[in-house]
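Overview (structure and organization)
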Amino acid sequence: MVSIIIRTKNEEEWIGHCLTAVFDQNFHDFEVIIVDNKSSDKTLDIAANYPVSKTVQIEEYFPGKALNIGIQASKGDFLVFLSAHCVPRDNKWLKHLVEDLMVDEIAGVYGRQVPMSFSSASDVRDLYITFGLDKRIQEKDYFFHNANSAIKRKVWDQIPFDESITNIEDRVWAKNATEAGYKLVYEPRAEVFHSH
């Protein structure tokens, strides 16, 4: 089973688009856990229209802490992280994101992010430079991006996310995983639109 963990705070503009695409996947063995940081808009009202398995409320937001709390509330052997303002591009996104996790030495996979039609020129440039079309297996490069990623629970059991830092929790985790001998995969077929 796959657990999809979505962190939210005032995402009413995007959460419906995100969840519609998630529940349209052709890979069906998953649950969705929302970790919400005191949303004051209609994020949770909109999410209630979807078969979300669980919503967890957090008071003090640290990115790694929010992920760890979501993972603790989940059941899956594979853990998927998706930003609420990311929308899977097609119904094969989840399949492409998790299939490399069947390989023993792979700890995590992250997917491609592409801009929206209204994205700024600098966001368009940055996303296309960072997220290319070539698949990579990373042994020493610990770039990783939790806006669209998946990891194994058994690796997280050994290497949880750092709960004290305010950003780059994904790269800190990936550095620790590669130093422990695991590999990472960049899978461009697991593609999402990312609104900044």
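Our subject is the structure that appears above.
Residues numbered from 1 in each chain as written. Predicted model: local features only at pLDDT ≥ 70, side-chain atom pairs only at ≥ 80, totals over all residues. Heavy atoms only, no water.

Our focus in this paragraph is unusual backbone geometry. Positioned with a positive phi, Asn-10 is a non-glycine residue whose angle comes to about 55 degrees. The phi torsion at Ile-168 lies on the positive side, around 45 degrees, for a residue other than glycine. One can find Ile-168 in the loop between helix 6 (153-158) and helix 7 (169-179). (Helix = DSSP H or I, 4+ residues; strand = E, 2+ residues; numbered from the N terminus.)

Moving on, we come to the pairing of strand 1 (residues 2-8). The element strand 1 is largely enclosed, with a buried count of seven among its seven residues. In strand 1, alternate side chains face the same way, and those of Val-2, Ile-4, Ile-6 and Thr-8 on one face and Ser-3, Ile-5 and Arg-7 on the other are all buried. Taken together, the seven bridges between strand 1 and strand 2 (residues 30-36) define a ladder with parallel strand orientation. Looking at strand 2, one finds that Ile-6 is bridged to Ile-34. The parallel pair strand 1 and strand 2 is bridged by helix 1 (residues 15-22), and the resulting crossover is right-handed. The pairing of strand 1 with strand 4 (residues 78-82) spans four bridges and is classified as parallel. (Buried < 20%, exposed > 50% of the residue type's maximum accessible area, 1.4 Å probe, protein only. Pairing = 2+ DSSP bridges. Right-handed = clockwise from strand over helix to strand, strands pointing away.)

Let us look at the pattern of salt bridges. Counting across every chain of the model gives 12 salt bridges. Between Glu-169 and Arg-7 there is a salt bridge, and its shortest N-O distance comes to 3.7 Å. You can see Glu-169 sitting in helix 7 and its partner Arg-7 sitting in strand 1, a full 162 residues away along the chain. Between Asp-170 and Arg-171 there is a salt bridge, with its nearest N and O atoms 3.9 Å apart. Among the residues examined, Arg-171 registers a relative accessible area of 29% and is labelled partly exposed. Each of the salt bridges in this network shares a partner with another, and the network as a whole consists of Lys-95, Glu-99, Asp-100, Lys-135, Glu-187 and Arg-189. (Salt bridge = Lys/Arg side-chain N within 4 Å of Asp/Glu carboxyl O.)

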